[in-house]
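Summary of structural features
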Amino acid sequence: IPEGGLILNQDDEKVSATIPGSVASSYIETIIRENSAAGATAENTSMTMSVNVQTTEASNGSLTFEIGMSANITIKNGENIQTISDSVSTLSDYITTKVKLQSGLDNVTVKHKGNDMSTDLANPNKYGAYSYDSETGYLTIKTKSFSPFSVTYEVKLGYDITFDYNDGITQTKTVRAAYWQ
């Protein structure tokens, strides 16, 4: 496992996840310990982790999605090959997931299992933390547990136009006209 962890991408860069190496290492150590009777060792056990994001509900102003993590483990002991598929519910450390939303949303809030999350990625509360970048549209979620995540936001409907004109007397002027519902 790379020192910095794993970076997973899904759906043309619209979803990515960073899994610290410590998370993957401690998880596979647990699997090996739990399956030592079946002959699992660090040398004969391999694991593939994946993160999936699926929208379960969407309306004008809110979005609910499931972030799920799974691990597929293969243990080769001589001629015996054992495959374990596991849905990961909690982790020893935080993973960071980035989801591409629409840019320019206002008042974005995220709840995890109905609970308020911190807005400070450096100091998550027990439900995790989130940050929304209005310019890029990326929502970053830092969590140790999964699903569901509810996102609410305000949608601007209307237009915003900026144009320049020369008043013929002094200099070029900039005018901004906006209409929002």
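Up top you'll find the structure we're talking about.
Residues numbered from 1 in each chain as written. Predicted model: local features only at pLDDT ≥ 70, side-chain atom pairs only at ≥ 80, totals over all residues. Heavy atoms only, no water.

**Side note on the overall build of the protein chain**
From N to C terminus, the protein chain includes one helix and 13 strands. Along the protein chain, from the amino end to the carboxyl end, the secondary structure elements read β-β-α-β-β-β-β-β-β-β-β-β-β-β. Sorting the 181 residues of the protein chain into buried and exposed places 31% on the buried side. Long-range contacts, defined here as pairs at least 24 residues apart, represent 55% of the contacts in the protein chain between residues at least 6 apart. Approximately 10,900 Å² of the protein chain is accessible, and the part contributed by carbon and sulfur atoms is 46%. (Helix = DSSP H or I, 4+ residues; strand = E, 2+ residues; numbered from the N terminus. Buried < 20%, exposed > 50% of the residue type's maximum accessible area, 1.4 Å probe, protein only. Contact = heavy atoms within 4.5 Å. Areas by Shrake-Rupley, 256 points an atom, 1.4 Å probe, with all protein chains shown as cover.)

**A few points about helix H1 (residues 21-34)**
Owing to its 3.6 residues per turn, the α-helix brings residues three or four apart onto one side. Its 14 residues give H1 an end-to-end C-alpha distance of 20 Å, which sits within 8% of 20 Å, the value for a rise of 1.5 Å per residue. Taken as a whole, H1 has its buried residues at Gly21, Val23, Ala24, Tyr27, Ile28, Ile31 and Ile32. Projected down its long axis, H1 shows its buried positions confined to an angular sector of 165°, all on one face. In H1, those exposed residues whose orientation departs by more than 90 degrees from the buried face are Arg33 and Glu34. (Expected span 1.5 Å × (residues − 1). Arc of directions from axis to C-beta.)

**Quick look at the pairing of strand E7 (residues 106-112)**
Pairing analysis gives five bridges linking E7 to strand E11 (residues 149-154), with the strands arranged antiparallel. The partner of Thr109 across the bridge, within E11, is Thr152. Note that E7 and strand E8 (residues 115-116) share two bridges and pair antiparallel. Looking at the pairing, His112 lines up with Asn115 of E8. (Pairing = 2+ DSSP bridges.)

**Details of the pairing of E11**
Of the two faces of E11, only the one carrying Phe149, Val151 and Tyr153 is buried; Ser150, Thr152 and Glu154 on the other face are not. Where strand E4 (residues 62-77) lies against E11, four bridges are found, and the strand directions are antiparallel. Among the inter-strand pairings, Leu63 is bridged to a residue of E11, identified as Val151.

**Quick word on the packing of aromatic side chains**
Given two aromatic rings, their pairing is described by the distance between the two centres and the angle made by the two planes. Throughout the structure, instances matching the rule amount to zero aromatic pairs. Lys98 extends its terminal NZ or CZ atom over the ring of Tyr138, reaching a point 4.9 Å from the ring centre. We note Lys142 situated over the ring of Tyr94; from NZ or CZ to the ring centre the distance is 5.7 Å. (Phe/Tyr/Trp six-rings, centres within 6.5 Å; stacked < 30°, edge-to-face > 60°. Lys NZ or Arg CZ within 6 Å of the ring centre and 35° of its normal.)

**What to know about the pattern of salt bridges**
Using the criterion set out here, one finds one salt bridge in the structure. Note that Lys111 and Asp116 form a salt bridge whose closest N and O atoms lie 3.4 Å from each other. (Salt bridge = Lys/Arg side-chain N within 4 Å of Asp/Glu carboxyl O.)

**Some points on unusual backbone geometry**
The backbone of Asn107 shows a phi angle near 50°, a positive value even though the residue is not glycine. Following the sequence through the fold, Asn107 ends up in strand E7. For Asn107, a relative accessible area of 52% translates into the label exposed. Even without being glycine, Lys113 reaches a positive phi, approximately 55°. Within the element layout of this structure, Lys113 appears in the loop between E7 and E8. Owing to a relative accessible area of 47%, Lys113 belongs among the partly exposed residues under this scheme.

**Here we look at the nonpolar core**
Ranked by internal contacts, the top residues of the largest apolar core, which has 37 residues, are Phe65, Met69, Leu139, Ile141 and Val151. Apart from residues no more than four positions distant in its own chain, Leu139 is found in contact with Phe65, Thr97, Lys98, Val99, Leu101, Val110, Tyr130, Ser131, Tyr132 and Val151. (Core = buried A, V, L, I, M, F, W, Y, C linked by side-chain atoms within 4.5 Å.)

**Section: the side chain of His112**
Of note, His112 is situated in strand E7. Since its relative accessible area comes to 1%, His112 is described here as buried. Within the structure, the side chain of His112 is placed 3.3 Å from the backbone oxygen of Pro148, a separation counted as a polar contact. Leaving out residues up to four positions away in the same chain, His112 has contacts with Met117, Tyr127, Thr143, Ser145, Phe146, Ser147, Pro148 and Phe149. (Polar contact = N/O pair within 3.5 Å; in protein donor to acceptor, adjacent residues only side chain to side chain.)

On their own, these measurements won't tell you what the molecule is for.
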